[in-house]
Amino acid sequence: MKYICTYCNTYVYDEEKGDHDTKLEPGTNIEDIPESWLCPVCGMPKDYLQEIRDDIFSLKMTAYTETQHDTKDLNYYRSIARKMLTGICGEYPVCDGQPDRTCTGQKFGASIGFGGAGQGKTFEANYNSLQSYKLKMKVIKEHNEPDMSVSIFNKKIGVPFMGASLSGVKTSMNDVVPEDALYRGLLKGAMSSGSIGLVGNTPESPDDLGVKIVGENHGWGIPIFKPQSQERLLQLIKLAEEMDVIALGIDLDGAGSTYWNASNKPVYRKSEKEITELVDSTEKPVIFKGIMCTEDAIKVLDSGAGACYISNHGGRVLDGGQGVAEVLPDIANEIAGKIPILADGAVRTGFDVLKILALGADIALIGRPLARLSIAGGDVAVKMYYKYVKDDLKKAMILTGCDNLNEVNMDILVATNR
Ligand SMILES: Cc1cc2nc3c(=O)[nH]c(=O)nc-3n(C[C@H](O)[C@H](O)[C@H](O)COP(=O)(O)O)c2cc1C
């Protein structure tokens, strides 16, 4: 059988071939690997080895062998992801949810993979609404290197963007790597980039997997839980406290998940009383995700939450809905400065980060691109994407006359009806 180290998501082991470098004879079964054995890539013990499929093994083996010789770039990991996600995602140059993409179109009850719910119109609306704003170039001003740092949840981070909460390797990502490998790549890649990663929640794995992996990452991360029963959420929040997480959240827009309901883990809409009870149950900042209207944003503010997260789940829950960039300015108008605002939806580049911040967010979050890179290259590939986005954000700030994030506002944007 064949295995992958779920800590680094890079090292692969084939029982038949053994491993010359770590002195494992051909035919050494996993149970016969000595307890003292350590992964030659990340140094973790053999407990992190988990079985993977043969086709994924060969892809990972090629990547592992090649990385030993060469430094690989983002396009290299993108090409691995494209192969891993055959039939689900084309890893196109622009991930925009447009109708001709592999991921889009009705799925008639099958998994939506990387696409959107229904006809994928909300996913498309996220992209179109953000791109309907153009950046206004303004270059005559004394030069200063842009300060991209921001304070949030009592931490100062180097960049105003994070990785969105992601999950579901089995159904949405061709079952290519174990779920915990996805989470580790997201969390470690964010941490080593001076940011904070989020992890999601899927009924395919124990509902406390994400929070435990955040704990393993010294608490540096944010688990987002599905809106299960109050009783279960209070238990998960307690566990999050024990793991000393930076913050925790609930994706309230998960309430419509037929997948969770079908897996006998019912999810619910939450009342104002219930969200306040969740906030009051912990000292940790509580984030409510899936907010798409001013009425809900005010309720989140009134609950005492740590942040309000404007998102429609990348268009994956309610089709025929508004794009995030359509609703963000009105919501920000109501709550900005009173509570941190997080927002995601088709943010792909540093230029997009600047736009969504200008529309009112304090932190931009990136989903699909980081999921692809984490399964393909773990934290190494995720870190490369953070750098890519950071470099473009810096350029964008210089060219729009912004020295720091306080200067990023609607004045740097032009609304068009593209
Ligand atoms: C494959 C996949 C799995 C996701 N899983 C979760 C999840 O478990 N919890 C959650 O809050 N959001 C989840 N999301 C939504 C993301 O957190 C985020 O809102 C969305 O991806 C942002 O849009 P973008 O992908 O266009 O950047 C998921 C998104 C994708 C694409």
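Cut-offs used in this document
Residues numbered from 1 in each chain as written. Predicted model: local features only at pLDDT ≥ 70, side-chain atom pairs only at ≥ 80, totals over all residues. Buried ≥ 20, exposed ≤ 12 C-beta atoms within 10 Å, placed from the backbone. Helix = DSSP H or I, 4+ residues; strand = E, 2+ residues; numbered from the N terminus. Pairing = 2+ DSSP bridges. Right-handed = clockwise from strand over helix to strand, strands pointing away. Domains from an automatic or database assignment. Contact = placed C-beta atoms within 7 Å. Nonpolar A, V, L, I, M, F, W, Y, C, P; charged D, E, K, R; others polar. Axes fitted to C-alpha atoms, helices over the stretch in contact; angles between N-to-C directions. Parallel < 35°, antiparallel > 145°, perpendicular 65-115°, else oblique. Core = buried A, V, L, I, M, F, W, Y, C linked by C-beta atoms within 7 Å.

Taking every second residue as pointing to the same face, both faces of strand β10 (residues 248-251) are buried, with Leu248 and Ile250 on one and Gly249 and Asp251 on the other. Where β10 meets strand β11 (residues 286-291), four bridges bridge the pair, whose relative direction is parallel. Note that in β11 the partner of Leu248 across the bridge is Val286.

This brings us to the pairing of strand β9 (residues 222-225). What you see with β9 is no split at all: Ile222 and Ile224 on one side and Pro223 and Phe225 on the other are buried throughout. Pairing of strand β8 (residues 198-199) with β9 involves two bridges; the strand directions are parallel. Along β9, the bridge assignment pairs Val199 with Pro223. Of the pairings in the sheet, the one linking β9 to β10 comprises two bridges and is parallel in character. Paired with Ile224 across the strands is Gly249, a residue of β10. One crossover worth recording links β9 to the parallel β10 by way of helix α7 (residues 230-242), and it is right-handed.

This part covers the domain arrangement of the chain. Split into domains, the chain comes out as domain 1 (2-70) and domain 2 (150-415). Using C-alpha coordinates to define each centre, domain 1 is positioned 32 Å away from domain 2. Listed by partner, the interface residues are 10 residues for domain 1 and nine residues for domain 2. Taken together, the residues of the side of domain 1 that touches domain 2 sort by class into six nonpolar, four polar and no charged.

Here the focus is unusual backbone geometry. For Asn9, which is not glycine, the phi torsion reads 55° and is therefore positive. Tracing the sequence through the fold places Asn9 in the loop between β1 (2-5) and β2 (12-14). Positive phi is not limited to glycine here, since Asn264 has a value of about 60°.

A word on the packing of helix α3 (residues 121-131) against helix α11 (residues 324-335). How two helices pack is summed up by the angle between their axes together with the distance between the axes. At a minimum axis separation of 7 Å, α3 and α11 run at an interaxial angle of 60°. If you check the angle between α3 and α11, you find them oblique. In contact with Asn126, Ser129 and Leu130 of α3, α11 contributes Val324, Ala325 and Glu326. Taken together, the residues that form the contact of α3 with α11 break down as three nonpolar, two polar and one charged.

Take the sheet that holds strand β14 (residues 363-366) next. Spatially, β7-β14-β13-β12-β11-β10-β9-β8 is the arrangement adopted by the eight strands of the open sheet, whose pairing is parallel. One side of each edge strand has no neighbouring strand; the edge strands of this open sheet are β7 (161-163) and β8. In the packing of helix α10 (residues 294-302) onto the sheet, the strands contacted are β11 and β12 (307-310), and the crossing angle to β11 comes to about 175°.

Another aspect to go through is the nonpolar core. Judged by nonpolar contacts, the single largest core of 120 residues is most densely connected at Cys308, Ile310 and Ala361. If you tally residues by element for this core, the top one is helix α13 (residues 368-399), at 15 residues. In this structure Ala361 touches Ile310, Leu328, Ile341, Leu342, Ala343 and Ile356, once residues within four positions along its chain are discounted.

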